[in-house]
Amino acid sequence: MTVISKLRTAALTASVAIPIALLGGPSAAQDKPEGHGDAPAAQYTYSATTLGEIDVELPGRKPGDPVITPSEFNKAATIYFERCAGCHGVLRKGATGKPLTTDITRENGYDYLVSFMTYGSPAGMPNWGTSGELSEAEIDMLARYLLIEPPAPPEFGMAAMRGTWKLHVAPEDRPTEQMNDLEIDKLFSVTLRDAGQVALIDGDSYEIVKVLETGYAVHISRISASGRYLFVIGRDAKVNMIDLWMEEPTTVAEIKVGSEARSIETSKMEGWEDKYAIAGSYWPPQYVIMDGATLEPLKIKSTRGMIYDTQEFHPEPRVAAIISSHYKPEFIVNVKETGKILMVDYSDIKNLKVTEIEAERFLHDGGLDSTKRYFLTAANARNKVAVIDTKTSSLIAMVDTQGQTPHPGRGANIDHPVFGPVWATSHLGDETVALIGTDPEGHPEHAWKVVQQLYALGGGSLFVKTHPESEHLYVDAPLNPDAEVSASIAVFKVGDLTQEEPEYTVLPIGEWAAIADGQPRVVQGEFNREGDEIWFSVWNSKDKESAIVVVDDKTLELKKVIKDERLVTPTGKFNVYNTRADVY
Ligand code: DHE
């Protein structure tokens, strides 16, 4: 363990070049375009992998269309969805990257497209050709593909959704009391990303209670307000609903809500606990409200519409984070490309009321403040955090985080010795951690301002974490290009935040995991129920050993290394109690 101040070595300050789409920064002339092919860092830039598997139809030939066979068209579409759609949009209307509609591509022409893809551009386009990521033949195929009208992947309406819905165990056939002796609130649901599974791990014994099959490249878990049901969503938009009361935790219902998805949540307002679930999709751009006991799809709402400021139509605004209000029967839905936050009132879904809040474009993730009244969410490509008052369903502030590409996860709530309650976010693009005042009544002068900037390990941070019982703020840097940094965690002591440049302790989590092979990255701290230990994933590639490292929060010493051959690519971890009660 080492203590470091802001005056760090060059390696530690190295900022990350990975999410080019998000950063909009230049890529080095002949370097390999990081983030597009390097696992696991590449896995951060949005890749529409499931869409890539769908067969698309070659449109009828139009005058001026280049020659392309249906098979080439399909191959090009796969590459496009996997490599390009994250920035340029599935329908090529542009997102963080430029639009690639045929009026533009045809004006620029075939040679220009080939050269652009081969050499990249200082504005952030990776050099796919010179880096060796794409062959000349692939670039030629893609250039011809881009000169033809884009195919639209299939919609996913009620009939399609119902066709995938499986109720394995009806509510009346489920137990009326807990049938196992698990301490459910102590369980962790651990994403086994590339295995398409979650592992349920007991917080006391560190034993894997069960491994369950889930969707492809499984993403996050959320827990029903009662704590009984665990909801897991895969990138292929498959939702598993797991009953933790059964003799062995079991999937009791499943559904596919689209082709690409990232978010799932359940109703938490008093009186509405466990009543509904909601899932948001990247493709098609929509969300669906489902029955909280069966996953029966009840109401699908498209998010297509006008961008909040330009008021121009966007055909594919993806649904990013969804969070449940504790103040009203509302789901709070982040719509990325239109920059709108939707307050979806689920008290009467037949006469659905949706309050549409103008926020900022490229909304991604976020979480609640310590009172659970305010939702703070990053518009990451705009370096902003939007603050929503969930009591009045309105935007109350837009905070410039003074860093590049904020990525809070759900953020971390600290009682700051000088500024009172603050919420923290780290950044993908630099080493800063922004602390934002969240107490408009007790500390009005600090509310919704960056009251302090901390300097952590380096760029490439994804998640910060603390707990009401903890005196520490933990900051990861899994996407930092420096192997040592990406395998370490910075820990700030809350009491030290009075210093002008607070020092931090470096935990060599990767070293503690003692994994001989590969270059594992350390990602996403998650506290246990009691708040006295924090778990980190040591995320290696699929064919190599990974681990979970448990740290004693009081002493910052290693407590346990969990290793098991079933722990394949562990990433997110969700303690049942902390997740259901929004403790972070
Ligand atoms: Fe995530 C949350 C989207 C890549 C681990 N991720 C989220 C949320 C969204 C999102 C919208 C918020 C969900 C919510 O709260 O309802 N993630 C995306 C992407 O679009 C992106 C950038 C690329 C992609 O194609 O999926 C992406 N995410 C990753 C990863 O590569 C990570 C690091 C490893 C993994 O498992 O895939 C990753 N994302 C996570 C985790 C959370 C998350 C662990 C939940 C954090 C929490 O504390 O709640």
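The present account deals with the structure reproduced in this document. Everything numeric here is computed off the predicted structure, so don't read it as measured data. (Residues numbered from 1 in each chain as written. Predicted model: local features only at pLDDT ≥ 70, side-chain atom pairs only at ≥ 80, totals over all residues. Heavy atoms only, no water.)

Attention shifts here to the overall build of the protein. Secondary structure assignment for the protein yields 11 helices and 36 strands. Computed over C-alpha atoms, the radius of gyration of the protein comes to 23 Å, within 12% of the 25 Å expected from 2.2 N^0.38 for 584 residues, which places it in the range of a compact globule. Taken over the C-alpha atoms alone, the protein extends approximately 70 × 60 × 50 Å along its principal axes. Looking at the 584 residues of the protein, the share that counts as buried comes to 62%. Taking the intrachain contacts of the protein between residues at least 6 apart in sequence as the baseline, contacts between residues at least 24 apart amount to 56%. Within the structure as shown, the protein displays about 21400 Å² of accessible surface, and the carbon and sulfur contribution to it stands at 49%. With 56 positive and 84 negative side-chain charges, the protein shows a separation of 5 Å between the mean positions of the two kinds. (Helix = DSSP H or I, 4+ residues; strand = E, 2+ residues; numbered from the N terminus. Rg over C-alpha atoms; globule rule 2.2 N^0.38 Å. Buried < 20%, exposed > 50% of the residue type's maximum accessible area, 1.4 Å probe, protein only. Contact = heavy atoms within 4.5 Å. Areas by Shrake-Rupley, 256 points an atom, 1.4 Å probe, with all protein chains shown as cover. Lys, Arg positive; Asp, Glu negative; His and termini not counted. Charge placed at Lys NZ, Arg CZ, Asp CG, Glu CD.)

A word on the packing of helix 6 (residues 110-119) against helix 7 (residues 136-146). Axis separation between helix 6 and helix 7 bottoms out at 9 Å; the angle between their running directions is 130°. In terms of axis orientation, helix 6 runs oblique to helix 7. The chirality of how helix 6 crosses helix 7 is right-handed. Contact with helix 6, carried on its side by Tyr 110, Leu 113, Val 114, Met 117 and Thr 118, involves Ile 139, Asp 140, Leu 142, Ala 143, Arg 144 and Leu 146 of helix 7 and no other residues of that element. When grouped by side-chain class, the residues that make up the contact of helix 6 with helix 7 number eight nonpolar, one polar and two charged. (Axes fitted to C-alpha atoms, helices over the stretch in contact; angles between N-to-C directions. Parallel < 35°, antiparallel > 145°, perpendicular 65-115°, else oblique. Left-handed = near helix turned anticlockwise from the far one by under 90°. Nonpolar A, V, L, I, M, F, W, Y, C, P; charged D, E, K, R; others polar.)

This part takes up the packing of aromatic side chains. Scanning the entire structure with this criterion turns up 15 aromatic pairs. Between the aromatic rings of Trp 272 and Tyr 276, the centroid separation amounts to 6.5 Å while the plane-to-plane angle is 20°, which identifies the pairing as stacked. Both rings, one in Trp 272 and one in Tyr 346, keep their centres 5.6 Å apart while their planes meet at 70°; by these two values the pair is edge-to-face. Of this pair, Trp 272 sits in the loop between strand 10 (260-266) and strand 11 (276-283) while Tyr 346 sits in the loop between strand 18 (340-345) and strand 19 (353-358), placing them 74 residues apart in sequence. Judged by its relative accessible area of 0%, Tyr 346 is buried. In this structure an aromatic cluster arises from ring pairing among Phe 73, Tyr 80, Phe 81 and Tyr 145. We note Arg 92 situated over the ring of Tyr 145; from NZ or CZ to the ring centre the distance is 5.3 Å. In this structure, Arg 318 is placed above the aromatic ring of Tyr 282, and the distance from its NZ or CZ to the ring centre is 5.1 Å. (Phe/Tyr/Trp six-rings, centres within 6.5 Å; stacked < 30°, edge-to-face > 60°. Lys NZ or Arg CZ within 6 Å of the ring centre and 35° of its normal.)

Strand order in the open sheet formed by four strands is 5-4-3-36, with antiparallel pairing between adjacent strands. If you trace the sheet from one side to the other, it starts and ends with strand 5 (208-213) and strand 36 (570-575), each paired once. Ignoring which end each strand starts from, the neighbouring axes of this sheet average 20° apart. With five bridges joining them, strand 4 (residues 197-201) and strand 5 adopt antiparallel strand pairing. Within the sheet, the bridge partner assigned to Ile 201 lies in strand 5 and is Ile 208. (Pairing = 2+ DSSP bridges.)

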